[in-house]
Amino acid sequence: MPNGAQSAGLAGRVVGFVRALRAAGVPLGAGRSALALQAVERVDMGSRAEFAGALRCVLTASPVEGVLFDCAFPIFFGNRDAFARLGGLQAQGLRSPGEAKPPPGALRLLRAIDSGSQLMAAPEAEQAAVGAGYSPQEALSTKDFAQMSPEEQAEAQELLRRGVFCPTRLGRRFKPAAHGPRIDFQATLRAGLASGGELMRLKRKARRLEPMALAMLFDVSGSMATYARMALHFAHALCSARRHVEAFVFATRLTRVTRELRGRDGDVAAAAALKAAPDWEGGTRIAAALGEFNRLWSRRVLARPGMVLLLSDGLERDQVKQLRMEAARLRRSCKRLVWLNPLLGYEGFEPRARGVQALLPAVHEHRSAHNVSSLLGLADALA
């Protein structure tokens, strides 16, 4: 058995290993770290195969998770030089033998291990600053997507995947409520029968909250490509966690990407959605896309009262009159139309463009969508 210092160091490695697998998409709850620590205490620490087998039994449940385990285990529990080689690793290196492409979650696993190695190699002063409350995610959440490096965009995508919210509305049905606005006569009579016919207390009821349908329309033209790519990870979280959610992308044509975004892995789902859009980074035809949605999809996806999120800069040039008409028609088809405009993140923005002026009268709310904070703020503002 290792001594106290060695045991503390090993426990830290095991906990970091579990966190890296969780960041890669392996469904590991908070109790798995404690279970992994209990497992390694019951094996021979001199046998590397027995040590790895104990962790594998506790932390993996499928072949794909086993591949990610095999990628991360030598780095956490091999020689210390493995951490120094992280900077040169590529996603193609995280493959299992015989596979043509990396397994789902390989890119996130690489980023999680890389960030963990930088923290372990940081000087004591930097670690003290981290412990004092500095949060890189807080600074990242307010940075414009267009100004982020590829590494920062990857971290922002992880933050956006947590942005699940559920817009609700008051339904027609009622539920029991202690301080509801209406008296529930049936429940009151039933309670009176139980007490021998005496009405001891009036029972009350209130209208039940029901989830609204949600449709997302993302502009993927050249001027919106960076923002749309980030928003797709936000859409993946919604499509994976909720029913009655539909996602569409458009530039010169409208493409439904709901099925692609319902995949379990966020990176794979976003890549599939981009591949399904033949006009990615193309021209802008907002009016034609809204018209196609109104004709072919609005009655299907907004059969129940629903909300529409429109992500676009509104820079329509040619069909401004048609855009005004289609936007007004879309407003009548939904309970709430929210326009997410990245241009609102720039100081001095004024709605002078003709397309912007055509859209504004039709929307219920005009919000910014240029950083992580603005997108995640939808959960508090609209849920």
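This text goes with the structure placed above it.
Reading the values: the criteria
Residues numbered from 1 in each chain as written. Predicted model: local features only at pLDDT ≥ 70, side-chain atom pairs only at ≥ 80, totals over all residues. Heavy atoms only, no water. Helix = DSSP H or I, 4+ residues; strand = E, 2+ residues; numbered from the N terminus. Buried < 20%, exposed > 50% of the residue type's maximum accessible area, 1.4 Å probe, protein only. Contact = heavy atoms within 4.5 Å. Core = buried A, V, L, I, M, F, W, Y, C linked by side-chain atoms within 4.5 Å. Polar contact = N/O pair within 3.5 Å; in protein donor to acceptor, adjacent residues only side chain to side chain. Phe/Tyr/Trp six-rings, centres within 6.5 Å; stacked < 30°, edge-to-face > 60°. Lys NZ or Arg CZ within 6 Å of the ring centre and 35° of its normal. Patch = residues over 30% accessible without salt bridge, like charges linked within 9 Å, V, L, I, M, F, W, Y side chains within 5 Å. Areas by Shrake-Rupley, 256 points an atom, 1.4 Å probe, with all protein chains shown as cover. Salt bridge = Lys/Arg side-chain N within 4 Å of Asp/Glu carboxyl O. Lys, Arg positive; Asp, Glu negative; His and termini not counted. Charge placed at Lys NZ, Arg CZ, Asp CG, Glu CD. Pairing = 2+ DSSP bridges. Axes fitted to C-alpha atoms, helices over the stretch in contact; angles between N-to-C directions. Parallel < 35°, antiparallel > 145°, perpendicular 65-115°, else oblique. Left-handed = near helix turned anticlockwise from the far one by under 90°. Nonpolar A, V, L, I, M, F, W, Y, C, P; charged D, E, K, R; others polar.

### A few points about the overall build of the protein
Along its length, the protein carries 19 helices and nine strands. For the protein, the residues scored as buried account for 44% of the 383 residues in total. A separation of at least 24 residues holds for 72% of the contacts in the protein among residues at least 6 apart in sequence.

### A few points about the nonpolar core
Within the largest apolar cluster, 41 residues are counted, with the highest numbers of intra-cluster contacts made by Phe-145, Met-216, Phe-218, Leu-261, Leu-309 and Leu-340. Residue assignment for this core shows that the elements contributing at least two residues are α9 (150-160), β4 (213-219), α11 (225-241), β5 (245-250), α13 (266-276), β7 (306-311), β8 (336-341) and α18 (372-376). Residues within four places of Phe-145 in sequence aside, it is in contact with Gln-153, Ala-156, Leu-160, Thr-226, Tyr-227, Met-230, Ala-369, His-370, Asn-371, Val-372 and Leu-375. Phe-248, Ala-289, Leu-290 and Leu-323 belong to the second largest nonpolar core, which has 27 residues in total.

### Examining the environment of Asp-219
By secondary structure assignment, the location of Asp-219 is in strand β4. Residue Asp-219 is classed as buried on the basis of its relative accessible area, which comes to 0%. Taking the C-alpha atoms as reference points, Asp-219 and Glu-281, 62 residues apart in sequence, are found 9.2 Å from one another. With near-sequence residues (within four places) excluded, Asp-219 lies in contact with Met-224, Ala-228, Phe-250, Thr-284, Ile-286, Leu-311, Ser-312 and Asp-313. Within the structure, the side chain of Asp-219 is placed 3.0 Å from the side chain of Ser-312, a separation counted as a polar contact.

### With respect to the packing of aromatic side chains
For the coordinates displayed, the defined rule picks out seven aromatic pairs. Ring pairs connect the aromatic residues Phe-17, Phe-51, Phe-69 and Phe-73, which therefore count as one cluster. One cation-aromatic arrangement involves Lys-205 over Phe-174; the distance from NZ or CZ to the ring centre is 4.9 Å. Above the plane of the ring of Trp-297 lies Arg-300, whose end atom (NZ or CZ) is 4.3 Å from the centre.

### A closer look at a positive patch on the surface
Taken together, the side chains of Arg-172, Arg-182, Arg-207 and Lys-335 present a region of like positive charge at the surface. Note on placement: Arg-172 falls in strand β1 (residues 168-176). Residue classification places Arg-172 among the exposed residues on the basis of a relative accessible area of 77%.

### Here we look at the side chain of Asp-144
Note that Asp-144 resides in the loop between α8 (136-141) and α9. For Asp-144, which is buried and forms no salt bridge, the nearest opposite charge comes from Lys-143, at a distance of 9.7 Å. Not counting the four nearest positions on each side in its chain, Asp-144 is found in contact with Tyr-227, Tyr-346, His-370 and Asn-371.

### Re the sheet that holds β5
On the basis of which strands lie adjacent, the open sheet formed by six strands has the order β6-β5-β4-β7-β8-β9 and mixed pairing. This sheet does not close on itself; its edge strands, each paired only once, are β6 (254-256) and β9 (365-368). Recorded for the sheet is a direction-independent mean angle of 20° between the axes of neighbouring strands. Pairing analysis gives three bridges linking β5 to β6, with the strands arranged antiparallel. For Phe-250, the partnering residue across the bridge sits in β6 and is Leu-254.

### Regarding the packing of helix α2 (residues 31-40) against helix α3 (residues 48-59)
Orientation of α2 relative to α3, taken along the N-to-C sense of each, is 150°, at an axis distance of 9 Å. Relative to α3, the element α2 lies roughly antiparallel. Crossing of α2 over α3 shows right-handed handedness. The segment α2 lies against α3, with Arg-32, Leu-35, Ala-36, Ala-39 and Val-40 engaging Phe-51, Ala-54, Leu-55, Val-58 and Leu-59. Within the contact of α2 with α3, the residues separate by chemical class into nine nonpolar, no polar and one charged.

In short, the description is geometric, and any link to function would need to be established separately.
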